[in-house]
Amino acid sequence: MELYKLTAHELKKLICEKEVKAEEVVQSYLNRINNIDEKVGAYLCVSSEEALNKAKELDKKIEKGEKLGGLSGIPIAIKDNISVKSMQNTCASKMLQGYKSPYDAHVIEKIKNEQGIVIGKVNLDEFAMGSSTENSALKVTRNPWDLERVPGGSSGGSAVAVASNEAPLALGTDTGGSVRQPSSFCGVVGLKPTYGRVSRYGAVAFGSTLDQIGPIARDVEDCALLTQHIAGLDKKDFTTANIEVPNYKESLKTDLRGKKIGIPKEFFQEGLNDEVRNAIKESINVLKENGAQVEECSLPLAEYALSAYYIISSAEASSNLARFDGIRYGYRTSNPKDAVDIYVKSRNEGFGKEVKRRIMLGTYVLSAGYYDAYYKKALKVRNLIKKDFENVFKQFDAILSPTSPTTAFKIGEKTDDVLSMYLSDIYTVPVNVVGVPAISIPCGMSQGLPIGLQIIGNYFKEDVLFNIAYSYEQSTKWHTMTPKL
Ligand code: GLN
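Rules of the game
Residues numbered from 1 in each chain as written. Predicted model: local features only at pLDDT ≥ 70, side-chain atom pairs only at ≥ 80, totals over all residues. Heavy atoms only, no water. UniProt positions renumbered as here; feature names shortened; annotations may be inferred. 1 Å grid on protein atoms, 1.4 Å probe; cavity = no way out; pocket = protein on both sides within 12 Å on 5 of 7 lines; lining within 4 Å. Helix = DSSP H or I, 4+ residues; strand = E, 2+ residues; numbered from the N terminus. Buried < 20%, exposed > 50% of the residue type's maximum accessible area, 1.4 Å probe, protein only. Contact = heavy atoms within 4.5 Å. Lys, Arg positive; Asp, Glu negative; His and termini not counted. Salt bridge = Lys/Arg side-chain N within 4 Å of Asp/Glu carboxyl O. Core = buried A, V, L, I, M, F, W, Y, C linked by side-chain atoms within 4.5 Å. Patch = residues over 30% accessible without salt bridge, like charges linked within 9 Å, V, L, I, M, F, W, Y side chains within 5 Å. Areas by Shrake-Rupley, 256 points an atom, 1.4 Å probe, with all protein chains shown as cover. Charge placed at Lys NZ, Arg CZ, Asp CG, Glu CD. Near = heavy atom within 4 Å. Polar contact = N/O pair within 3.5 Å; in protein donor to acceptor, adjacent residues only side chain to side chain. Sits in = over half its atoms within 2 Å of the grid points. Nonpolar A, V, L, I, M, F, W, Y, C, P; charged D, E, K, R; others polar.

Trainee: Which parts of the structure should I look at to understand the UniProt feature "active site" (unreviewed entry) in the protein?
Mentor: The positions UniProt marks with the feature "active site" (unreviewed entry) are Lys79, Ser154 and Ser178. Maximum C-alpha separation among the annotated residues is 10.9 Å over a sequence range of 100 residues, consistent with a single clustered spot. Set against the largest cavity, the annotated residues named above that line it are Ser178. Here Ser154 shows up in the loop between β3 (117-122) and α5 (156-163). Judged by relative accessible area, Ser154 falls into the buried class, the value being 0%. Those residues in contact with Ser154 that sit more than four places away from it in its chain are Lys79, Asn123, Leu124, Asp125, Ala128, Met129, Gly130, Thr133, Thr173 and Ser178. Following the sequence through the fold, Ser178 ends up in the loop between β4 (169-174) and α6 (180-186).

Structural data, given as structure tokens:
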């Protein structure tokens, strides 16, 4: 049996029933990474020795009959902007090369408490800014379905690791779509939790009012499993909510009777690829057959979400990235003339083009002369869009849309066309702007490339998303397809 082909819940069962050893599971994944990562380039570093040691320790505990955690022996790939103690945390930037994190992010602490095993750190767009992972300063990551295409981004490494069977589970971060869009491009399941559901402590901040850490998995059950073990209140992150985390396993039901799902008419206009549109239409039929009531709805102001997002996220990024000054962390220029020269040259040499673009845009919209015209206005627009969503959720349990208007594009195709790159997040960005949860699940194929369906829920209603997603998944086969590598 090739263990790396199994899902996390299948592996967990085998390990707990002593059918296989955690060490064998970890070894199987390490071999898989060794054999194919050269092709897809998901990993920036693999912690082979540490992971094997942890697995062996766990096997001893299992031998002794000790109580097991919820993620016992499951290898997990971590996006390289989430802190894991003693491991690198480069954010795929020259700026943080050589930096090692002195502490665990809250989610990592939780995973370790449940005996999950960090297997390595994976690639991303520099500081999570991008939609294709092409902005990584360190490495090219390829889509396992077509190696000439991008995996999506910014959590491209996380989605590729899971899609290529190099890890059963991964963590990404989602500021405007970075968990869902790469999940859609790679044919896996990705969740952006409600803002405040999961602690951001230890994740390098991009847009602090938008960022959430989210799980990537091969099926909905695995996605629910990882969410279960990372969600909840954290005293070190005051934006986490003191709201009980339900038992998500209980929401994995196929019956959708009584569920009302809205289709926002504004999300099906120009720019949407025909095959993607058809796949979404077909998935509506599946949900209806499973008992859901599906009707058109309207989010009239959602079209302004992308503009508001780029103002707000860049403003927050420019402030968050001010700390990278060549003094405290990572990269410092050689032979500076004086103190100011250290700042200027270190930032100039350490940051890539896209990061600089965001910093410039952010400082511009926050400057005294333009604050009211751009930043303040964007915040007002944000509030209005929130009202749009609140109105829809008075009538509906969930909203359905494509995750991205297209399937994965070619490497290099959009690198010189910033606007078209930004447009690949048109359906995911509104979700972060208002802070609700959303999941992307595979719902079709177009010319050998996966298509993603996005289900958006009301605040803290991840359980409803799991219910709908699971029901859809049980009636279809898309999640069982794997790329040939
Ligand atoms: N692609 C979007 C951006 O570049 C979203 C990134 C993200 O979610 N981290 O900002």
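Now that the structure is up, let's keep going.
Trainee: Can you walk me through the side chain of Glu166 in this structure?
Mentor: Along the chain, Glu166 falls in the loop between α5 and β4. Among buried Asp, Glu, Lys and Arg side chains, Glu166 stands out as unpaired, with Arg32 the closest opposite charge at 6.5 Å. Apart from the residues lying within four places of it in its own chain, the contact partners of Glu166 are Tyr29, Arg32, Ile33, Ile36, Asp37, Val40, Ala42, Tyr43, Val160 and Ala161.

Trainee: Explain the nonpolar core here, please?
Mentor: The nonpolar side chains of soluble globular proteins are, as a tendency, buried together. The biggest cluster of nonpolar side chains holds 142 residues, and the ones touching the most others in it are Phe127, Leu171, Ile439 and Ile455. Top element by residues in this core is helix α9 (residues 305-320). It accounts for nine residues. In this structure Phe127 touches Cys91, Ser93, Met95, Leu96, Val204, Phe206, Leu321, Phe324, Phe351 and Val355, once residues within four positions along its chain are discounted. Val150, Phe185, Ala408 and Met421 belong to the second largest nonpolar core, which has five residues in total.

Trainee: Before we go on, may I ask you to explain a positive patch on the surface in this structure?
Mentor: Together, Lys56, Lys60, Lys61 and Lys64 make up a region of like positive charge exposed at the surface. On the basis of relative accessibility, which here comes to 58%, the residue Lys60 falls in the exposed class.

Trainee: In this structure, what is going on with the site of the ligand? I would like to understand it.
Mentor: In the vicinity of the ligand there are 15 residues, among which Gly176, Ser178, Tyr309, Arg358 and Asp425 approach most closely. Here a nitrogen atom of the ligand sits 2.9 Å away from a polar atom, N or O, in the side chain of Ser131. Note that an oxygen atom of the ligand is positioned 3.3 Å from one of the backbone N or O atoms of Gly177. Protein burial of the ligand: of its 300 Å² of free accessible surface, 100% is covered by the chains. The cavity that encloses the ligand is the largest cavity. In terms of residue class, the shell around the ligand is made up of five nonpolar, seven polar and three charged.

Trainee: Quick question: what am I supposed to make of the environment of Thr90 here?
Mentor: As for its position among the elements, Thr90 is in the loop between β2 (75-79) and α4 (106-113). Each C-alpha atom, one on Thr90 and one on Leu124, is 9.6 Å from the other, the two residues being 34 residues apart in sequence. Thr90 has contacts with Leu44, Asp80, Leu96, Gln97 and Leu138, leaving out every residue within four places of it along the chain. Polar contacts involving the side chain of Thr90 include one to the side chain of Asp80, which spans 2.6 Å.

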